[in-house]
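# Understanding the architecture of this molecule
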Amino acid sequence: MGFLDLFIVALMPVLKILLITAVGLLLGTERIDILGANARSDLNRLVFFVFSPSIIFCNLSDTITLDSLATLWFMLVNILLTFLIGTALAWILIKITRTPQHLRGLVIGCCSAGNLGILLLIIIPAVCEEENSPFGDSSVCSTDGEAYAALSMAVGSIYIWTFTYPIMRISASKKTEEIVIDGPSIGDNNSRETSHLYSEIDTEALLPSKVCPSSEEYMDQVEPQSTGSEGKAKVTLLKKTTLQLKMLIGHIDLKKLFAPSTIAAIIGFIVGLVSPIRKVLIGDDAPLRAIYSSVSLIGEAAIPCMTLIIGANLFRGLKSSGVGPLLILGIIAIRYIILPSLGIVIVKAAHRFGMVESDPLFQFTLMLQYALPPAMNVGTISQLLETGQSECSVIMLWTYAVAAFSLTLWSTIFMLVVA
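I will try to describe carefully the structure that is included in this document. (Residues numbered from 1 in each chain as written. Predicted model: local features only at pLDDT ≥ 70, side-chain atom pairs only at ≥ 80, totals over all residues. Heavy atoms only, no water.)

### What to know about helix 6 (residues 138-171)
In an α-helix, one turn spans 3.6 residues; hence positions three or four apart end up facing the same way. At isoleucine 160, helix 6 is deflected by roughly 40 degrees, the largest bend along its length. Summarising burial for helix 6: 27 of the 34 residues are buried, a large majority. (Bend = angle between axes of the 7 residues up to and from the residue. Helix = DSSP H or I, 4+ residues; strand = E, 2+ residues; numbered from the N terminus. Buried < 20%, exposed > 50% of the residue type's maximum accessible area, 1.4 Å probe, protein only.)

In structure tokens:
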């Protein structure tokens, strides 16, 4: 297949995302206000607690087997690499742009955490269903692709709440302490919206405590103990690394780690791997097939609802400012130029050394994980921590606008590489 044919195949799912996002953006405007703050709150809860867990459970339980685990294990490593490399590149960007302290965690989150769930669930099956798709039979391709996307969503959610969230929480610790002391302003609309949106979450658990001090406090506590006779000896690199890891672990919130999507992924793995349970729930002759069908029907609402929410949330970015163009360009360069380029090298190297099989769809999915826009959960975390919310809206607006073009181009390049 030629470049133009693959470009058209890659363009179709991106156009679908754009159209649904545009509808969400329109519904979120103040003139129409169907997806205003309260409506987004209710819809977000449905997606978080009902729709996303349902689609993850159904896709994993239907496709995951003991044999498939031999192929899928590298995805866990691949997603971790996207987070680690994105974080390293973000630190370089922070040093170059001299990003303010309270926004450093936001920059790291936008560079490291990609939208590993909903976009993959849209793009991969849509690519499989195109007439000129390079991935073979459309039914087999769609089934496998949905499993890859569901696993990507589950693993990405775990990494976001165990890796990205602690980093953003540490970065926001100083501002959060000021909020605890002074209390939120009664007239603060963002505070009211955040409180309404996440009222079920114990926000006190999000605030830094003496058990989890900031990195500066850790260094202040340790340096006097590490001084030698001259009084000027510094903490060794190993000691600093150990302290940073302890601090990061101390900020992990187990309540977020075991989110509904994570629990659904665990149950989906159990159903898929344990043959007797699988035969009871899945199949035309399964006694409890009505339960599985009902959950699957509910899960189908996840993709349109989440895409509408993305569009409605982007409307806030149109009215916000405060982020320098250099910082936005840096994040765009990391997410859409450097990471995808490295992704090709990493996946092809893993295939060369036998860690990834020759399945072109799986390799395409692994590469695509490096080219996605920032995860919407980054915006959720910024709202929970009540820091960088307007800046996050601006970053999301521009990164998702550019994603419409970059996703199409990189999807075409990835298909050329794996075909």
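This is not the end of the story, as more comes after the structure.
### As for helix 15 (residues 302-318)
Its 17 residues give helix 15 an end-to-end C-alpha distance of 25 Å, which sits within 8% of 24 Å, the value for a rise of 1.5 Å per residue. Along helix 15, 13 of the 17 residues are buried, which leaves the element largely enclosed by surrounding structure. (Expected span 1.5 Å × (residues − 1).)

### Details of the state of the cysteines
Overall, the coordinates contain 1 disulfide when judged by the stated rule. In this model cysteine 128 forms its disulfide with cysteine 141; the gap between the sulfur atoms is 1.8 Å. Its S-S torsion of about -60 degrees marks the bond between cysteine 128 and cysteine 141 as left-handed, since a negative value means left-handed. Pair noted here: cysteine 128 is in helix 5 (residues 118-129) and cysteine 141 is in helix 6, with a separation of 13 residues, a long-range link. Looking at cysteine 128, the relative accessible area reads 1%, which means it is buried. A residue is classified by how much of its surface remains accessible, and cysteine 141, at 3% relative accessible area, is buried. (Disulfide = S-S within 2.5 Å.)

### Things to note about empty space enclosed by the protein
One pass over the full model with this rule turns up 1 cavity of 30 Å³ or more. For the lining of the largest cavity, the secondary-structure elements that each account for two or more residues are helix 4 (101-112), helix 6 and helix 18 (376-385). Considering each element in turn, the lining of the largest cavity owes the most residues, 3 residues, to helix 4. Grouping the constituent residues of the lining of the largest cavity by class yields 4 nonpolar, 5 polar and no charged. (1 Å grid on protein atoms, 1.4 Å probe; cavity = no way out; pocket = protein on both sides within 12 Å on 5 of 7 lines; lining within 4 Å. Points joined across faces, edges and corners; volume = space filled by probe spheres on them. Nonpolar A, V, L, I, M, F, W, Y, C, P; charged D, E, K, R; others polar.)

### Points about the environment of aspartate 33
Structurally, aspartate 33 is set in the loop between helix 1 (3-27) and helix 2 (37-63). On the basis of relative accessibility, which here comes to 46%, the residue aspartate 33 falls in the partly exposed class. For the pair aspartate 33 and alanine 312, spaced 279 residues apart in sequence, the C-alpha separation works out to 9.5 Å.

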